[in-house]
Amino acid sequence: MLPKSKRVSTALFNQVLRSGFRFDSVFLTFRLLKLENDKEKRFTVAVPKRLASKAVYRNKIKRKAMAVLRVVFPVIKSGFAGIFFLKRDISDLQRDDLEGEMKNLLGKARILI
């Protein structure tokens, strides 16, 4: 899990949804917004209810995705806020594959260092 200071707040979440750029892959949708503060970066993972109806399973999936995001976080440029939305169940997906998906989307968005 990322520290709370590095995660997207509720107000920022809505702002990213409204005016963020969208990038898609097989398992993930990525929304990105340029922040006014160039020294800050904030990211999070969202798991929809249609993916897992019980909160226990959603949280398990989210923990797995956040663990991968924590690994990828140091190679992301500052000055951006992003949200990874899961499209499909990733419980069977290997960690390396999920990391590849995230890096691919970040590369499409051109925010990798």
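Residues numbered from 1 in each chain as written. Predicted model: local features only at pLDDT ≥ 70, side-chain atom pairs only at ≥ 80, totals over all residues. Heavy atoms only, no water.

Overview of the packing of aromatic side chains
- Evaluation of the coordinates by the stated rule reveals five aromatic pairs.
- Measuring from centroid to centroid gives 6.2 Å for F30 and F43, while their planes differ by 10 degrees, and the two rings are stacked. You can see F30 sitting in strand β2 (residues 28-34) and its partner F43 sitting in strand β3 (residues 41-46), a full 13 residues away along the chain.
- What links up through ring pairs into an aromatic cluster is the set F23, F30, F43, F73 and F84.
- A cation over a ring is seen here: K41 above F73, with NZ or CZ 4.6 Å from the ring centre.
- The residue whose ring lies beneath R88 is F27, and the NZ or CZ to ring-centre distance is 5.9 Å. (Phe/Tyr/Trp six-rings, centres within 6.5 Å; stacked < 30°, edge-to-face > 60°. Helix = DSSP H or I, 4+ residues; strand = E, 2+ residues; numbered from the N terminus. Lys NZ or Arg CZ within 6 Å of the ring centre and 35° of its normal.)

Remarks on the sheet that holds strand β4 (residues 80-86)
- As summarised here, the arrangement of the four strands in space is β1-β2-β4-β3, forming an open sheet in which the pairing is mixed. The open sheet has two free edges, formed respectively by β1 (21-24) and β3, since each of these has just one partner strand. The sheet shows a mean angle of 15 degrees between the axes of neighbouring strands, direction not considered.
- Along the sheet, helix α1 (residues 10-19) contacts β1, β2, β3 and β4; its crossing angle with β2, the most-contacted strand, is approximately 100 degrees.
- On top of the sheet, helix α3 (residues 95-108) reaches β1, β2, β3 and β4; it is set at about 40 degrees to β2, its chief contact. (Pairing = 2+ DSSP bridges. Axes fitted to C-alpha atoms, helices over the stretch in contact; angles between N-to-C directions. Contact = heavy atoms within 4.5 Å.)

Some points on the side chain of T29
- Tracing the backbone shows T29 in strand β2.
- At a separation of 2.9 Å, a polar atom in the side chain of T29 contacts the side chain of D24.
- Setting aside residues no more than four positions away along its own chain, T29 makes contact with R22, F23, D24, I83, F84, F85 and K87. (Polar contact = N/O pair within 3.5 Å; in protein donor to acceptor, adjacent residues only side chain to side chain.)

Focus on unusual backbone geometry
- For R110, which is not glycine, the phi torsion reads 60 degrees and is therefore positive.
- By secondary structure assignment, the location of R110 is in the segment after α3.

Quick word on the environment of S25
- With respect to the element layout, S25 can be found in the loop between β1 and β2.
- On the accessibility criterion, S25 (13% relative accessible area) is buried.
- Distance in space between the C-alpha atoms of S25 and L86 is 9.8 Å, their sequence separation being 61 residues.
- There is a polar contact of 2.5 Å between the side chain of S25 and the side chain of E101. (Buried < 20%, exposed > 50% of the residue type's maximum accessible area, 1.4 Å probe, protein only.)

As for the pairing of β2
- Burial of β2 is extensive: six of the seven residues sit out of reach of the surface.
- Turn length for the β1-β2 hairpin, with the two strands adjacent in sequence and antiparallel, is three residues.
- With seven bridges joining them, β2 and β4 adopt antiparallel strand pairing. Paired with K34 across the strands is F80, a residue of β4.

Without other data, these values stay purely geometric and don't point to any function.
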